[in-house]
Amino acid sequence: MAMELMKMPQLGESVTEGTISKWLVKPGDHVTKYDPLAEVMTDKVNAEVPSSFTGIIKELRADENQTLAVGEVICSIEVEMAKTDNENAGQVSHSEENGEGPVTRDVQQAAEPSRKARYSPAVLKLSQEHGIDLSKVKGTGNEGRITRKDLLKLVESGELPKADEPSAISDSAPEAIAPQVNRQNSPVINVPTAAGDKEIPVTGIRKAIASNMLKSKHEIPHAWTMVEVDASNMVKLRDNLKSDFKLKEGYNLTYFAFFVKAVAQALTEFPELNSMWAGEKIIQKKEINISIAVATEDALFVPVIKNADEKSIKGIAREIQELASKVKAGKLKAEDMQGGTFTVNNTGSFGSVQSMGIINYPQAAILQVETIVKRPVVINDMIAVRDMVNLCLSLDHRVLDGLVCGRFLARVKEIIEKISKDNTSIY
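Because the structure is predicted, anything quoted here is derived from the model rather than measured. (Residues numbered from 1 in each chain as written. Predicted model: local features only at pLDDT ≥ 70, side-chain atom pairs only at ≥ 80, totals over all residues. Heavy atoms only, no water.)

Student: Give me the lowdown on the packing of helix α7 (residues 255–269) against helix α9 (residues 402–417), citing residues and values where you can.
Tutor: Closest axis-to-axis distance for the α7/α9 pair is 9 Å, and the angle between their directions is 135°. Classified by the interaxial angle, the pair formed by α7 and α9 is oblique. α7 and α9 meet at a crossing whose hand is right-handed. Residues F258, F259, A262, V263, Q265, A266, L267 and E269 of α7 form the contact with α9, whose own contacting residues are F408, R411, V412, I415 and I416. Looking at side-chain class alone, the contact of α7 with α9 contains ten nonpolar, one polar and two charged residues. (Axes fitted to C-alpha atoms, helices over the stretch in contact; angles between N-to-C directions. Helix = DSSP H or I, 4+ residues; strand = E, 2+ residues; numbered from the N terminus. Parallel < 35°, antiparallel > 145°, perpendicular 65-115°, else oblique. Left-handed = near helix turned anticlockwise from the far one by under 90°. Contact = heavy atoms within 4.5 Å. Nonpolar A, V, L, I, M, F, W, Y, C, P; charged D, E, K, R; others polar.)

Student: Before we move on, can you summarise the sheet that holds strand β5 (residues 46–50) with the specific residues and values?
Tutor: The four strands are arranged β5-β4-β2-β7 in an open sheet whose pairing can be described as antiparallel. Bordering the open sheet on either side are β5 and β7 (67–69), each of which pairs with just one other strand. Ignoring strand direction, the axes of neighbouring strands in this sheet form an average angle of 40°. Both strand β4 (residues 36–41) and β5 contribute to a ladder of five bridges, which runs antiparallel. By the bridge assignment for β5, V40 is matched with A47. (Pairing = 2+ DSSP bridges.)

Student: Can you tell me about the pairing of strand β17 (residues 365–369), naming the residues and giving the values?
Tutor: For β17, the tally of buried residues reaches five of five residues, placing the bulk of the element in the interior. Side chains A365, L367 and V369 of β17 all project onto a buried face; the interleaved residues I366 and Q368 project onto the opposite face, where all are buried too. Judged from the three bridges that link them, strand β16 (residues 342–345) and β17 form a sheet pairing that is parallel. Bridging across to β17, N345 finds its partner in Q368. (Buried < 20%, exposed > 50% of the residue type's maximum accessible area, 1.4 Å probe, protein only.)

Student: Just give me the short version of the nonpolar core, but keep the residues and values in it.
Tutor: Nonpolar side chains in soluble globular proteins tend to be buried together. Formed by 63 residues in total, the largest nonpolar core has its most connected members in L273, I290, F342, L393 and F408. Take this core: its biggest share by element is ten residues, from α7. Ignoring sequence-local partners within four residues, the contact set of L273 consists of L267, T341, F342, A364, A365, L393, L400, V404, C405 and F408. Residues M6, M8, V31 and L68 belong to the second largest nonpolar core, which totals 19 residues. (Core = buried A, V, L, I, M, F, W, Y, C linked by side-chain atoms within 4.5 Å.)

Student: I'd like a rundown of the packing of aromatic side chains, residues and numbers included.
Tutor: Taken as a whole and judged by the stated rule, the model has three aromatic pairs. A centroid spacing of 5.4 Å and a plane angle of 85° characterise the contact between F245 and Y251, whose relative ring orientation is edge-to-face. Consider the rings of F245 and Y427, whose centres lie 6.2 Å apart with planes at 35°: the pair is tilted. Of this pair, F245 sits in helix α6 (residues 232–249) while Y427 sits in the segment after α9, and the two are 182 residues apart along the sequence. Given the relative accessible area of 3%, F245 is considered buried. The structure contains a cluster of three or more aromatic residues connected by ring pairs, namely F245, Y251 and Y427. Note that K248 overlies the ring of Y427, its terminal NZ or CZ placed 4.7 Å from the centroid. (Phe/Tyr/Trp six-rings, centres within 6.5 Å; stacked < 30°, edge-to-face > 60°. Lys NZ or Arg CZ within 6 Å of the ring centre and 35° of its normal.)

Below is the structure:
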(Lines give C-alpha, C1' and ligand atoms only; values in the text may rest on other atoms or scores of the structure.)
Protein backbone atom coordinates (compact mmCIF):
# COMPACT_ATOMS: atom_id res chain seq x y z
CA MET A 1 0.00 0.00 0.00
CA ALA A 2 1.12 3.57 -0.61
CA MET A 3 -0.17 6.94 0.45
CA GLU A 4 -1.11 9.51 -2.18
CA LEU A 5 -1.80 13.16 -1.45
CA MET A 6 -4.66 15.07 -3.06
CA LYS A 7 -3.90 18.77 -3.36
CA MET A 8 -6.00 21.85 -3.90
CA PRO A 9 -6.21 22.27 -7.70
CA GLN A 10 -6.06 25.58 -9.55
CA LEU A 11 -9.65 26.10 -10.69
CA GLY A 12 -9.03 29.07 -12.94
CA GLU A 13 -6.41 31.50 -14.11
CA SER A 14 -5.20 33.82 -11.33
CA VAL A 15 -6.95 31.66 -8.71
CA THR A 16 -4.58 31.20 -5.75
CA GLU A 17 -6.78 29.48 -3.18
CA GLY A 18 -10.03 27.60 -2.69
CA THR A 19 -12.47 26.95 0.13
CA ILE A 20 -13.75 23.47 0.97
CA SER A 21 -17.48 24.16 1.06
CA LYS A 22 -18.53 20.51 1.51
CA TRP A 23 -16.80 17.15 1.83
CA LEU A 24 -18.43 14.41 -0.24
CA VAL A 25 -16.36 11.62 1.38
CA LYS A 26 -15.18 10.63 4.86
CA PRO A 27 -12.20 8.62 6.18
CA GLY A 28 -12.61 4.95 5.35
CA ASP A 29 -14.63 5.53 2.18
CA HIS A 30 -13.52 3.72 -0.97
CA VAL A 31 -13.21 5.96 -4.04
CA THR A 32 -12.33 5.29 -7.63
CA LYS A 33 -10.45 7.60 -9.93
CA TYR A 34 -12.53 10.65 -10.94
CA ASP A 35 -15.04 10.22 -8.10
CA PRO A 36 -15.88 13.63 -6.56
CA LEU A 37 -14.17 14.23 -3.22
CA ALA A 38 -15.29 17.72 -2.25
CA GLU A 39 -17.08 20.82 -3.38
CA VAL A 40 -14.65 23.74 -3.62
CA MET A 41 -15.53 27.42 -3.88
CA THR A 42 -13.27 30.14 -5.29
CA ASP A 43 -13.84 33.74 -6.32
CA LYS A 44 -14.36 32.55 -9.88
CA VAL A 45 -16.14 29.20 -9.75
CA ASN A 46 -17.76 26.49 -7.63
CA ALA A 47 -16.60 23.03 -8.64
CA GLU A 48 -16.27 19.43 -7.51
CA VAL A 49 -12.72 18.15 -7.04
CA PRO A 50 -12.36 14.65 -8.51
CA SER A 51 -10.05 11.99 -7.10
CA SER A 52 -6.86 11.32 -9.00
CA PHE A 53 -6.55 7.83 -7.50
CA THR A 54 -8.47 4.69 -6.61
CA GLY A 55 -8.21 3.71 -2.96
CA ILE A 56 -9.35 4.35 0.61
CA ILE A 57 -9.71 7.85 2.08
CA LYS A 58 -7.22 7.88 4.94
CA GLU A 59 -7.40 11.43 6.28
CA LEU A 60 -9.18 14.71 5.52
CA ARG A 61 -6.57 17.44 6.01
CA ALA A 62 -9.00 20.37 5.90
CA ASP A 63 -12.31 21.23 7.53
CA GLU A 64 -15.39 22.43 5.72
CA ASN A 65 -15.29 26.20 5.11
CA GLN A 66 -11.49 26.16 5.44
CA THR A 67 -9.52 28.03 2.79
CA LEU A 68 -6.34 26.50 1.39
CA ALA A 69 -3.79 27.72 -1.11
CA VAL A 70 -3.46 26.04 -4.49
CA GLY A 71 -1.11 23.07 -4.01
CA GLU A 72 -1.86 22.51 -0.32
CA VAL A 73 -2.88 18.96 0.66
CA ILE A 74 -6.61 18.47 1.19
CA CYS A 75 -6.68 14.73 1.91
CA SER A 76 -4.66 11.51 1.75
CA ILE A 77 -5.67 8.33 -0.08
CA GLU A 78 -4.27 4.85 0.56
CA VAL A 79 -3.85 3.12 -2.78
CA GLU A 80 -2.59 -0.28 -3.90
CA MET A 81 0.74 -0.14 -5.65
CA ALA A 82 0.65 -1.11 -9.32
CA LYS A 83 2.57 -4.17 -10.38
CA THR A 84 5.04 -2.01 -12.17
CA ASP A 85 5.76 -0.25 -8.87
CA ASN A 86 6.76 -3.38 -6.92
CA GLU A 87 10.19 -1.99 -6.21
CA ASN A 88 8.76 1.19 -4.74
CA ALA A 89 6.27 -0.89 -2.76
CA GLY A 90 9.16 -2.80 -1.24
CA GLN A 91 10.73 0.47 -0.19
CA VAL A 92 7.50 1.53 1.50
CA SER A 93 7.19 -1.76 3.38
CA HIS A 94 10.81 -1.57 4.48
CA SER A 95 10.28 1.96 5.78
CA GLU A 96 7.19 0.88 7.71
CA GLU A 97 9.10 -2.03 9.28
CA ASN A 98 11.71 0.42 10.50
CA GLY A 99 8.97 2.39 12.25
CA GLU A 100 9.10 5.32 9.87
CA GLY A 101 5.42 5.05 8.96
CA PRO A 102 3.91 5.20 5.47
CA VAL A 103 5.98 7.07 2.91
CA THR A 104 4.29 9.16 0.25
CA ARG A 105 5.53 9.29 -3.32
CA ASP A 106 6.23 12.97 -2.89
CA VAL A 107 8.79 12.15 -0.19
CA GLN A 108 10.20 9.18 -2.10
CA GLN A 109 11.09 11.47 -4.93
CA ALA A 110 13.62 13.18 -2.62
CA ALA A 111 12.97 16.69 -3.76
CA GLU A 112 15.83 19.10 -3.37
CA PRO A 113 16.06 21.10 -0.10
CA SER A 114 15.40 24.40 -1.84
CA ARG A 115 11.75 23.43 -2.15
CA LYS A 116 11.29 24.47 1.48
CA ALA A 117 11.64 28.09 0.44
CA ARG A 118 9.05 27.96 -2.32
CA TYR A 119 6.05 29.57 -0.70
CA SER A 120 2.45 29.49 -1.86
CA PRO A 121 0.69 32.78 -2.70
CA ALA A 122 -1.46 32.44 0.44
CA VAL A 123 1.63 32.08 2.66
CA LEU A 124 3.35 35.08 1.06
CA LYS A 125 0.21 37.16 1.43
CA LEU A 126 -0.16 36.34 5.14
CA SER A 127 3.53 36.99 5.80
CA GLN A 128 3.26 40.42 4.16
CA GLU A 129 0.10 41.33 6.07
CA HIS A 130 1.59 40.45 9.46
CA GLY A 131 5.27 41.20 8.82
CA ILE A 132 6.36 37.60 9.47
CA ASP A 133 9.95 36.62 8.65
CA LEU A 134 9.43 33.30 6.85
CA SER A 135 13.07 32.31 7.29
CA LYS A 136 12.37 31.96 11.02
CA VAL A 137 9.30 29.77 10.73
CA LYS A 138 9.44 25.99 10.97
CA GLY A 139 6.96 24.46 8.55
CA THR A 140 4.83 21.40 9.24
CA GLY A 141 3.88 20.74 5.65
CA ASN A 142 5.26 18.26 3.16
CA GLU A 143 9.09 18.25 3.27
CA GLY A 144 9.03 21.00 5.90
CA ARG A 145 7.23 23.54 3.75
CA ILE A 146 5.44 26.37 5.50
CA THR A 147 1.67 26.21 5.19
CA ARG A 148 -1.05 28.77 5.65
CA LYS A 149 -2.12 26.92 8.79
CA ASP A 150 1.36 27.38 10.31
CA LEU A 151 1.13 31.16 9.92
CA LEU A 152 -2.43 31.34 11.23
CA LYS A 153 -1.31 29.54 14.41
CA LEU A 154 1.47 32.10 14.86
CA VAL A 155 -0.93 34.99 14.33
CA GLU A 156 -3.35 33.56 16.90
CA SER A 157 -0.54 33.06 19.44
CA GLY A 158 0.80 36.59 18.91
CA GLU A 159 4.37 35.27 18.70
CA LEU A 160 5.31 36.58 15.28
CA PRO A 161 8.97 36.21 14.24
CA LYS A 162 10.14 39.51 12.82
CA ALA A 163 13.22 40.36 10.81
CA ASP A 164 16.40 40.81 12.91
CA GLU A 165 14.81 38.97 15.86
CA PRO A 166 16.08 35.63 17.17
CA SER A 167 13.94 32.71 16.10
CA ALA A 168 11.97 30.95 18.81
CA ILE A 169 10.38 28.47 16.42
CA SER A 170 12.95 27.41 13.90
CA ASP A 171 15.41 24.69 14.94
CA SER A 172 17.96 25.75 12.35
CA ALA A 173 18.51 28.20 9.55
CA PRO A 174 16.50 27.49 6.41
CA GLU A 175 18.15 25.49 3.69
CA ALA A 176 17.45 28.19 1.12
CA ILE A 177 17.01 31.92 1.26
CA ALA A 178 13.37 32.97 1.21
CA PRO A 179 12.37 35.42 -1.49
CA GLN A 180 12.32 39.04 -0.40
CA VAL A 181 8.86 40.51 -0.05
CA ASN A 182 7.62 44.00 0.69
CA ARG A 183 6.01 43.73 4.09
CA GLN A 184 3.03 45.92 4.81
CA ASN A 185 1.18 45.34 8.04
CA SER A 186 -2.57 45.47 7.53
CA PRO A 187 -4.12 47.89 10.00
CA VAL A 188 -6.14 46.22 12.72
CA ILE A 189 -9.71 47.38 12.26
CA ASN A 190 -11.52 47.83 15.55
CA VAL A 191 -15.20 48.34 14.86
CA PRO A 192 -17.30 49.21 17.93
CA THR A 193 -20.20 46.83 18.47
CA ALA A 194 -23.37 47.15 20.46
CA ALA A 195 -26.10 44.83 21.65
CA GLY A 196 -28.04 43.45 18.72
CA ASP A 197 -25.21 43.85 16.21
CA LYS A 198 -24.69 40.80 14.01
CA GLU A 199 -21.26 39.46 13.08
CA ILE A 200 -21.19 37.83 9.65
CA PRO A 201 -18.15 35.63 8.92
CA VAL A 202 -16.33 36.54 5.72
CA THR A 203 -16.48 33.59 3.32
CA GLY A 204 -13.62 32.56 1.07
CA ILE A 205 -15.37 33.91 -2.00
CA ARG A 206 -16.08 37.26 -0.31
CA LYS A 207 -12.40 37.52 0.70
CA ALA A 208 -11.40 36.80 -2.89
CA ILE A 209 -13.77 39.43 -4.26
CA ALA A 210 -12.43 41.96 -1.74
CA SER A 211 -8.84 41.11 -2.67
CA ASN A 212 -9.48 41.44 -6.42
CA MET A 213 -11.34 44.72 -6.05
CA LEU A 214 -8.60 46.13 -3.82
CA LYS A 215 -5.93 45.03 -6.30
CA SER A 216 -7.77 46.70 -9.17
CA LYS A 217 -8.24 50.00 -7.33
CA HIS A 218 -4.66 50.06 -6.00
CA GLU A 219 -2.92 49.14 -9.26
CA ILE A 220 -5.16 50.65 -11.92
CA PRO A 221 -5.55 54.44 -12.24
CA HIS A 222 -9.28 54.54 -12.92
CA ALA A 223 -10.89 57.26 -15.05
CA TRP A 224 -14.58 57.53 -15.88
CA THR A 225 -16.77 58.85 -18.66
CA MET A 226 -20.42 58.55 -19.72
CA VAL A 227 -22.68 59.01 -22.73
CA GLU A 228 -26.46 59.28 -22.98
CA VAL A 229 -28.04 57.06 -25.63
CA ASP A 230 -31.48 57.18 -27.23
CA ALA A 231 -32.43 53.48 -27.28
CA SER A 232 -36.01 54.00 -28.49
CA ASN A 233 -35.56 52.16 -31.81
CA MET A 234 -33.87 49.22 -30.09
CA VAL A 235 -36.61 49.02 -27.46
CA LYS A 236 -39.30 49.06 -30.15
CA LEU A 237 -37.63 46.30 -32.19
CA ARG A 238 -36.99 44.05 -29.18
CA ASP A 239 -40.51 44.52 -27.81
CA ASN A 240 -42.00 43.56 -31.20
CA LEU A 241 -39.87 40.40 -31.39
CA LYS A 242 -39.69 39.15 -27.80
CA SER A 243 -42.91 37.08 -27.66
CA ASP A 244 -42.34 35.17 -30.91
CA PHE A 245 -38.65 34.77 -30.04
CA LYS A 246 -39.48 33.21 -26.65
CA LEU A 247 -41.94 30.77 -28.26
CA LYS A 248 -39.49 29.79 -30.98
CA GLU A 249 -36.22 29.68 -29.05
CA GLY A 250 -37.34 28.93 -25.49
CA TYR A 251 -35.38 31.74 -23.83
CA ASN A 252 -35.67 35.53 -23.51
CA LEU A 253 -34.46 38.10 -26.00
CA THR A 254 -33.09 40.70 -23.59
CA TYR A 255 -32.02 44.29 -24.11
CA PHE A 256 -28.64 43.31 -22.71
CA ALA A 257 -27.92 41.07 -25.70
CA PHE A 258 -28.24 44.09 -28.03
CA PHE A 259 -25.80 46.09 -25.91
CA VAL A 260 -23.22 43.26 -25.77
CA LYS A 261 -23.42 42.89 -29.55
CA ALA A 262 -22.95 46.64 -30.05
CA VAL A 263 -19.93 46.68 -27.71
CA ALA A 264 -18.36 43.68 -29.48
CA GLN A 265 -18.81 45.38 -32.86
CA ALA A 266 -17.29 48.64 -31.58
CA LEU A 267 -14.31 46.75 -30.12
CA THR A 268 -13.43 45.45 -33.59
CA GLU A 269 -13.13 49.10 -34.67
CA PHE A 270 -11.38 50.29 -31.49
CA PRO A 271 -9.14 47.37 -30.45
CA GLU A 272 -7.24 49.65 -28.05
CA LEU A 273 -9.99 48.99 -25.48
CA ASN A 274 -9.49 45.24 -25.87
CA SER A 275 -6.07 45.49 -24.22
CA MET A 276 -4.21 44.78 -20.98
CA TRP A 277 -1.34 46.50 -19.18
CA ALA A 278 1.77 44.29 -18.95
CA GLY A 279 4.43 46.46 -17.31
CA GLU A 280 6.79 47.42 -20.13
CA LYS A 281 4.22 46.73 -22.83
CA ILE A 282 0.51 46.74 -23.61
CA ILE A 283 -1.05 43.50 -24.86
CA GLN A 284 -3.77 44.07 -27.44
CA LYS A 285 -5.92 40.93 -27.48
CA LYS A 286 -6.96 39.41 -30.79
CA GLU A 287 -10.08 37.64 -29.53
CA ILE A 288 -13.00 39.70 -28.29
CA ASN A 289 -14.24 37.83 -25.22
CA ILE A 290 -16.88 39.73 -23.29
CA SER A 291 -17.06 39.17 -19.53
CA ILE A 292 -20.53 39.68 -18.09
CA ALA A 293 -21.20 40.22 -14.38
CA VAL A 294 -23.72 37.81 -12.83
CA ALA A 295 -24.66 38.36 -9.20
CA THR A 296 -26.05 35.91 -6.65
CA GLU A 297 -27.35 36.80 -3.19
CA ASP A 298 -23.86 36.84 -1.66
CA ALA A 299 -21.33 36.72 -4.49
CA LEU A 300 -20.42 38.02 -7.93
CA PHE A 301 -19.27 35.89 -10.86
CA VAL A 302 -17.93 37.06 -14.22
CA PRO A 303 -18.37 34.38 -16.90
CA VAL A 304 -17.20 35.02 -20.45
CA ILE A 305 -18.89 35.08 -23.86
CA LYS A 306 -16.08 33.91 -26.16
CA ASN A 307 -15.63 35.54 -29.58
CA ALA A 308 -18.68 37.74 -29.06
CA ASP A 309 -17.98 39.70 -32.24
CA GLU A 310 -18.61 36.54 -34.29
CA LYS A 311 -21.99 35.79 -32.68
CA SER A 312 -25.45 37.01 -33.62
CA ILE A 313 -27.75 38.76 -31.16
CA LYS A 314 -29.60 35.46 -30.80
CA GLY A 315 -26.34 33.62 -30.04
CA ILE A 316 -25.35 36.18 -27.44
CA ALA A 317 -28.80 36.03 -25.81
CA ARG A 318 -28.50 32.24 -25.58
CA GLU A 319 -25.07 32.43 -23.96
CA ILE A 320 -26.23 35.04 -21.46
CA GLN A 321 -29.11 32.74 -20.50
CA GLU A 322 -26.89 29.65 -20.23
CA LEU A 323 -24.15 31.34 -18.21
CA ALA A 324 -26.63 32.97 -15.82
CA SER A 325 -28.34 29.60 -15.30
CA LYS A 326 -25.01 27.95 -14.52
CA VAL A 327 -24.20 30.61 -11.93
CA LYS A 328 -27.56 30.24 -10.19
CA ALA A 329 -27.29 26.44 -10.20
CA GLY A 330 -23.68 26.51 -8.93
CA LYS A 331 -22.50 24.65 -12.04
CA LEU A 332 -20.18 27.28 -13.50
CA LYS A 333 -16.88 25.71 -14.61
CA ALA A 334 -13.41 27.19 -14.53
CA GLU A 335 -13.25 27.45 -18.31
CA ASP A 336 -16.46 29.53 -18.28
CA MET A 337 -14.57 32.23 -16.38
CA GLN A 338 -11.36 32.38 -18.38
CA GLY A 339 -10.13 34.56 -21.22
CA GLY A 340 -12.22 37.70 -20.76
CA THR A 341 -10.85 40.82 -22.48
CA PHE A 342 -13.56 43.45 -21.78
CA THR A 343 -16.42 43.53 -19.26
CA VAL A 344 -20.02 44.67 -19.74
CA ASN A 345 -22.09 44.98 -16.56
CA ASN A 346 -25.89 45.10 -16.63
CA THR A 347 -26.33 47.45 -13.67
CA GLY A 348 -29.63 48.60 -15.13
CA SER A 349 -31.19 45.26 -14.15
CA PHE A 350 -31.58 46.54 -10.56
CA GLY A 351 -32.57 50.11 -11.39
CA SER A 352 -29.24 51.94 -11.45
CA VAL A 353 -29.13 55.03 -13.66
CA GLN A 354 -25.47 55.98 -13.17
CA SER A 355 -22.53 54.08 -11.69
CA MET A 356 -18.75 53.81 -11.72
CA GLY A 357 -17.56 50.24 -12.19
CA ILE A 358 -14.31 48.81 -10.82
CA ILE A 359 -12.28 47.39 -13.71
CA ASN A 360 -12.09 43.59 -13.90
CA TYR A 361 -8.33 43.16 -13.44
CA PRO A 362 -6.25 42.86 -15.66
CA GLN A 363 -8.60 44.21 -18.33
CA ALA A 364 -8.43 47.86 -19.37
CA ALA A 365 -12.08 48.87 -19.18
CA ILE A 366 -15.59 48.02 -17.97
CA LEU A 367 -18.89 49.34 -19.37
CA GLN A 368 -21.94 49.77 -17.15
CA VAL A 369 -25.29 49.54 -18.98
CA GLU A 370 -27.82 51.45 -16.89
CA THR A 371 -31.62 51.32 -16.70
CA ILE A 372 -33.58 52.36 -19.79
CA VAL A 373 -35.96 55.11 -18.68
CA LYS A 374 -38.49 57.27 -20.54
CA ARG A 375 -37.42 60.90 -20.46
CA PRO A 376 -38.40 64.10 -22.28
CA VAL A 377 -35.71 65.13 -24.73
CA VAL A 378 -35.41 67.88 -27.31
CA ILE A 379 -35.47 66.69 -30.95
CA ASN A 380 -35.49 69.32 -33.72
CA ASP A 381 -36.51 71.97 -31.19
CA MET A 382 -39.47 69.88 -30.06
CA ILE A 383 -39.92 67.88 -26.87
CA ALA A 384 -40.43 64.15 -27.26
CA VAL A 385 -40.57 61.24 -24.83
CA ARG A 386 -37.78 58.76 -25.62
CA ASP A 387 -36.27 55.60 -24.10
CA MET A 388 -32.93 56.84 -22.79
CA VAL A 389 -30.03 54.94 -21.27
CA ASN A 390 -26.67 55.95 -19.78
CA LEU A 391 -23.54 54.02 -20.71
CA CYS A 392 -20.78 54.52 -18.12
CA LEU A 393 -17.18 53.55 -18.90
CA SER A 394 -14.38 53.04 -16.37
CA LEU A 395 -10.95 52.90 -18.02
CA ASP A 396 -7.35 52.14 -17.14
CA HIS A 397 -5.58 55.45 -17.78
CA ARG A 398 -2.24 53.66 -18.20
CA VAL A 399 -3.60 51.95 -21.31
CA LEU A 400 -6.30 54.31 -22.56
CA ASP A 401 -6.87 58.02 -22.99
CA GLY A 402 -10.07 60.02 -23.15
CA LEU A 403 -9.95 60.52 -26.93
CA VAL A 404 -10.12 56.88 -27.97
CA CYS A 405 -12.61 56.07 -25.22
CA GLY A 406 -14.84 58.94 -26.30
CA ARG A 407 -14.77 57.69 -29.87
CA PHE A 408 -15.52 54.14 -28.73
CA LEU A 409 -18.55 55.26 -26.71
CA ALA A 410 -19.74 57.43 -29.59
CA ARG A 411 -19.60 54.37 -31.85
CA VAL A 412 -21.56 52.21 -29.40
CA LYS A 413 -24.12 55.02 -29.13
CA GLU A 414 -24.39 55.23 -32.93
CA ILE A 415 -24.93 51.47 -33.29
CA ILE A 416 -27.67 51.42 -30.64
CA GLU A 417 -29.47 54.49 -31.97
CA LYS A 418 -29.48 53.19 -35.57
CA ILE A 419 -30.96 49.78 -34.74
CA SER A 420 -34.11 49.06 -36.74
CA LYS A 421 -35.90 46.10 -38.31
CA ASP A 422 -34.49 47.15 -41.67
CA ASN A 423 -30.79 47.00 -40.75
CA THR A 424 -30.58 44.73 -37.69
CA SER A 425 -30.78 40.95 -37.88
CA ILE A 426 -31.36 38.95 -34.72
CA TYR A 427 -30.18 35.70 -36.35
